[in-house]
Amino acid sequence: MPADPALVDRLAQFGQDHVLRFWDELDPEGRNRLIGQLERLDLPRLAQMIDRLVLSPSKEEALAIDPQQVEPVDVRRVPQTDSERVIRRRAAERGEAALAAGEVAAVLVAGGQGTRLGFDAPKGTYPIGPVSGASLFQMHAEKLVALGRRFGKPIPLYIMTSPENHEATTSFFAQHQQFGLDHVRFFVQGQLPAVDAASGKLLLAAKDSLALSPDGHGGTITALAARDHPDQASCLDDMSDRGIQTLFYFQVDNPLVQICDPAYLGLHLMAEADISFKVVEKQRPEEKVGVVVQVDGHAQVIEYSDLPTELAERREPDGGLQLWAGSIAIHCFDRAFLERLVSGGGQLPVHRALKKVPHLGDSGRRVEPEGPNAVKFETFIFDALPLADRWSIVETERAIEFEPLKNATGPDSPATVRQRLSDLFGDWLEQAGAQVLRRGDGSVPFGIEISPLFALDAAELKQKIEPGLVVDRPIVLGP
Ligand code: UTP
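Please read these numbers as outputs of a predicted model, since none were measured by experiment.

What counts, and at which threshold
- Residues numbered from 1 in each chain as written.
- Predicted model: local features only at pLDDT ≥ 70, side-chain atom pairs only at ≥ 80, totals over all residues.
- Heavy atoms only, no water.
- Salt bridge = Lys/Arg side-chain N within 4 Å of Asp/Glu carboxyl O.
- Buried < 20%, exposed > 50% of the residue type's maximum accessible area, 1.4 Å probe, protein only.
- Helix = DSSP H or I, 4+ residues; strand = E, 2+ residues; numbered from the N terminus.
- Polar contact = N/O pair within 3.5 Å; in protein donor to acceptor, adjacent residues only side chain to side chain.
- Contact = heavy atoms within 4.5 Å.
- Near = heavy atom within 4 Å.
- Nonpolar A, V, L, I, M, F, W, Y, C, P; charged D, E, K, R; others polar.
- Axes fitted to C-alpha atoms, helices over the stretch in contact; angles between N-to-C directions.
- Parallel < 35°, antiparallel > 145°, perpendicular 65-115°, else oblique.
- Pairing = 2+ DSSP bridges.
- Core = buried A, V, L, I, M, F, W, Y, C linked by side-chain atoms within 4.5 Å.
- Expected span 1.5 Å × (residues − 1).
- Phe/Tyr/Trp six-rings, centres within 6.5 Å; stacked < 30°, edge-to-face > 60°.
- Lys NZ or Arg CZ within 6 Å of the ring centre and 35° of its normal.

**A closer look at the pattern of salt bridges**
Going through the model one piece at a time under the given rule, you end up with 28 salt bridges. The partner of E96 in a salt bridge is R89, with the nearest N and O atoms 3.5 Å apart. Under the relative-accessibility criterion, E96 is labelled partly exposed at 26%. Each of R150, D457, E460 and K464 takes part in salt bridges that share partners, so that together they form one network.

Rendered as structure tokens:
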């Protein structure tokens, strides 16, 4: 059976009909798979993306920001004075009230491919616990269970997966009885096709399949609003039905994240913000972290790869970096803001990433490129910031809240993450009155792990351990 002539025409109109070149060799299942993928493509939008980001990327550079207009953004710094501490305390009370009223949901994005880590399963299943080997998912889930108990209301969790890792992620949660969570809902993000970097032609991963990849963490917004079938409520509708006003957004790779931090939630609510960002002080001009800045009176994020050196190196008279507010991808969203974005189209700008993408050559043989050969498209969640009317930017300390698992070795790798967790738990133990053996440089020479179900912070730990406890070997404190 030949391919539907209308589809062939449509593809030809956009110069993409080569994707049907193996049609005659496909069985009915393969044909259906390919047709399904092609029908989901927004070809006019894709053509614009290819024109702007693949065939003439210099046009994109011409749109870059004028450095003269970029200013530091207002940030709630870590409190230093008593009056600042009072404001933080009041904010925490406001956040605690929202949690106790059941008005907060957690959104965990876990649809990434984790290519740098090179782990053959969803990154959330990575055994990161320094002693027990608890997974990232377990650590996040247990924090939510513990918070639900503390505030007397379970916190619903919404987890974004991708078509590639959905099955493995949901089975992992099922194997672990959802880690004791009351309400977990998985939702699948969209995909975008990869195209040849020289010609802009769609690449095939197999004779019956396009080379597709997840549409970036910016895909969260449309995926939260999507329905798998017409009579299913979207995640946003489900949240609305449950009386959720605020979404706490976090990413799977940072086990230090203070999920639903009441003070952060409270500052967001007190500012009546559409969106909030947690930031840490950038350590070096070349550090690979996006910075929150202000341009023309409006806040936005500049990705590290787009930040001109002149701006990255700009300093204040005291020698500190002027654009220091590094985003660590921990956000609060007002639900109504997301609904407004979605009803207005909901599409965030698309960015390009030059990558190595294996594909089928013209002859049908697999091509393993030696260098980057393709452009992948993705959207970034922080691009929602310029669309907000009100925002809140809050500083936190890197040592207590940010150590993401990105690489197999070197910085941001299992070794650094486990060390940071042990050091942080060592600090909690000391604050709770224990004595902890340390190396000369202050780091802890063995694994320490405290399950969120045992204690969520140093204050709770203090009520649970014997005064004068000596910790001089690996320890796990669990439920
Ligand atoms: P990263 O951008 O660090 O990507 O994602 P990654 O997939 O973890 O790793 P690399 O770049 O391939 O090595 C940051 C967070 O955003 C999520 C990831 O799962 C992670 O929690 N993410 C990223 C998505 O949920 N979907 C995406 O399409 C991209």
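Alright, that's what it looks like, and here's the rest.
**Some thoughts on the side chain of K278**
Tracing the chain through its elements places K278 in strand β11 (residues 275-281). A distance of 2.7 Å separates a polar atom in the side chain of K278 from a polar atom in the side chain of D261. Ignoring any residue separated from it by four or fewer positions in sequence, one finds K278 in contact with Q258, D261, Y264, G326, S327, I328, I330, V394, T396 and E401.

**So, the site of the ligand**
Around the ligand, the structure places 18 residues, and the nearest of them are G111, T115, R116, Q189 and K406. Its residues assigned to classes, the shell around the ligand shows five nonpolar, nine polar and four charged.

**Looking at the packing of helix α5 (residues 82-100) against helix α10 (residues 262-270)**
At a closest axis distance of 6 Å, the pairing of α5 and α10 adopts a crossing angle of 90°. In terms of orientation, α5 and α10 fall into the roughly perpendicular class. Of α10, the residues touching α5 (which contributes R88, R90, A91, A92, R94, G95, E96, A98 and L99) are P262, A263, L265, G266, L267, L269 and M270. Taken together, the residues of the contact of α5 with α10 break down into ten nonpolar, two polar and four charged.

**Regarding the pairing of strand β19 (residues 391-395)**
Most of β19 sits inside the fold, with four of its five residues counted as buried. As defined by bridge partners, β11 adjoins β19 across five bridges and the pair is classed as parallel. The residue of β19 that forms the bridge with F277 is I393.

**Details of the sheet that holds strand β15 (residues 351-355)**
In spatial order, the strands read β6-β18-β15; together these three strands make up an open sheet with antiparallel pairing. Looking at which strands have only one partner, the edges of the open sheet turn out to be β6 (195-196) and β15. Looking at chain direction, β6 and strand β18 (residues 374-378) are connected through two bridges and run antiparallel. Residue pairing in the sheet places D196 in a bridge with A374 of β18. Against the sheet, helix α3 (residues 43-55) touches β6, β15 and β18, its axis set at about 120° to β18.

**Overview of the environment of A121**
When you line up the elements, A121 lands in the loop between β2 (104-109) and α6 (136-151). The class for A121 is partly exposed, based on a relative accessible area of 34%. Residues A121 and A168, 47 residues apart in the sequence, show an inter-C-alpha distance of 7.3 Å.

**Observations regarding the nonpolar core**
By size, the foremost hydrophobic cluster in this structure holds 40 residues, and its most contacted members are F248 and C260. In terms of residue count, α6 provides more of this core than any other element does, seven residues in total.

**Some words on unusual backbone geometry**
Across the chain, the bulk of peptide bonds are trans and the bulk of non-glycine residues have phi less than zero. Non-glycine residue Q178 carries a positive phi angle of around 55°. You can see Q178 is positioned in the loop between α7 (166-175) and β4 (184-188). Classification of Q178 by relative accessible area gives partly exposed; the value is 25%.

**So, helix α1 (residues 5-13)**
The N-capping residue of α1, defined by a side-chain oxygen 3.1 Å from the backbone nitrogen of A6, is D4. Among the residues trailing α1, G15 stands out with phi positive, at a value near 70°.

**Re α6**
Relative to the 22 Å expected for 16 residues at 1.5 Å per residue, α6 spans 23 Å between its end C-alpha atoms, a close match to the ideal helical length. When you tally the buried positions in α6, you get 13 out of 16 residues, the bulk of the element. Downstream of α6 by one or two residues, G152 has phi in the positive range, about 75°.

**Some words on the side chain of S209**
Locating S209 in the fold gives a position in strand β8 (residues 209-210). A relative accessible area of 14% means that S209 is categorised as buried. Within polar-contact distance, the side chain of S209 engages the side chain of Q37 at 3.0 Å.

**Overview of the packing of aromatic side chains**
Here a ring pair, both rings aromatic, is described through the centre-centre distance and the interplanar angle of the planes. Evaluation of the coordinates by the stated rule reveals eleven aromatic pairs. With a centroid separation of 5.2 Å and 90° between ring planes, the pair formed by F173 and F179 is classed as edge-to-face. Of the two residues, F173 and F179, both sit in the buried class. In this structure an aromatic cluster arises from ring pairing among F137, F172, F173, F179 and F186. Its end group placed over the ring of Y264, K278 keeps NZ or CZ at 4.9 Å from the ring centre. A cation over a ring is seen here: K464 above F454, with NZ or CZ 5.4 Å from the ring centre.

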